[in-house]
Amino acid sequence: MANYFDVKGISVVSPKGELEWCKYLEPDTKYNADGELSVNLLLDPEDAKAKEFIGKLENLRDLAMNELRENLGAKGKQWSTNEVVSEHFNKEGEPTGKVIVKCKLKDVAKRRAAGKASTIQASGPAKENLSAQKTLVNNGSIGVVGCFAYPYEMASTKKVGVTLMWQKLRVFELLAFANTEDDLFGTEDAVEDVFETAPAKEQDDLDF
């Protein structure tokens, strides 16, 4: 429970977007000794479904901010919000017009030791189990992510934001690392849009 608000997290499923730096198989221990799994989902901020998704995250953040300010009174005016997405730049440092939704599953080793979910349920274009096949997902693949979104407060910066704890991945257009040329596999035309806003537990099953 947060110190200054009681707003609960919600389960969310993103619209389709471009996947970047998709590390769903092996936890990265470079900056976290217990390892973390992560992916950047790139969305067009002008797309209607992307706007709806981002708006949901902003609403969750703002609910927490409003409660924090009510609880802190005059001191709450010192607090502000973090953006729920960040601007995306290409390798030349130029803006692409897309925004980044960052999803992570942190402290994988600790979660595994505690008996908590410590892997990403990943499926491919034909709903095949990508984890079992150890399929790598290259930048530019198209997919959706399922996450548990919850608000956070950071006293050191007096900021309120939203964290996306990554749980599931569904890839519809797979660019694999199999060879030097990008191989585009089959696509699926439709994905069920899930925008349920009811509070949910961390381990809720997200149905793609």
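Because the structure is predicted, anything quoted here is derived from the model rather than measured.

Helices and strands together make up the secondary structure of the protein, namely three helices and nine strands. Listed by position from the N terminus, the elements making up the protein come as β-β-β-α-β-β-β-α-β-α-β-β. Expressed as a percentage of its 208 residues, the buried residues of the protein come to 41%. Counting only contacts in the protein whose residues sit at least 6 apart along the sequence, the fraction spanning at least 24 positions is 71%. As displayed, the protein has an accessible area near 11600 Å², and 48% of this comes from carbon and sulfur atoms.

Moving on: helix α1 (residues 48-72). For α1, which comprises 25 residues, the first-to-last C-alpha distance of 36 Å matches the rise-based estimate of 36 Å (1.5 Å per residue) to within 8%. If you check which residues of α1 are buried, you get Ala50, Phe53, Ile54, Lys56, Leu57, Leu60, Arg61, Ala64, Met65 and Leu68. As for α1, its buried residues are in contact with β1 (10-13), β3 (36-43), β4 (80-81), β6 (95-105), β8 (142-154) and β9 (159-173). Here α1 starts with a cap whose side-chain oxygen sits 3.1 Å from the backbone nitrogen of Lys49, and that cap is Asp47. One or two residues past the end of α1 sits Gly73, with phi positive at roughly 65°.

As a further point, take the packing of aromatic side chains. Counted according to the given criterion, the structure contains two aromatic pairs. Taking the centre distance of 6.2 Å and the plane angle of 35° together, the rings of Phe148 and Tyr150 count as tilted. Over the aromatic face of Phe172 sits the side chain of Lys16, whose NZ or CZ is 4.6 Å from the ring centroid.

What counts and what doesn't
Residues numbered from 1 in each chain as written. Predicted model: local features only at pLDDT ≥ 70, side-chain atom pairs only at ≥ 80, totals over all residues. Heavy atoms only, no water. Helix = DSSP H or I, 4+ residues; strand = E, 2+ residues; numbered from the N terminus. Buried < 20%, exposed > 50% of the residue type's maximum accessible area, 1.4 Å probe, protein only. Contact = heavy atoms within 4.5 Å. Areas by Shrake-Rupley, 256 points an atom, 1.4 Å probe, with all protein chains shown as cover. Expected span 1.5 Å × (residues − 1). Polar contact = N/O pair within 3.5 Å; in protein donor to acceptor, adjacent residues only side chain to side chain. Phe/Tyr/Trp six-rings, centres within 6.5 Å; stacked < 30°, edge-to-face > 60°. Lys NZ or Arg CZ within 6 Å of the ring centre and 35° of its normal.

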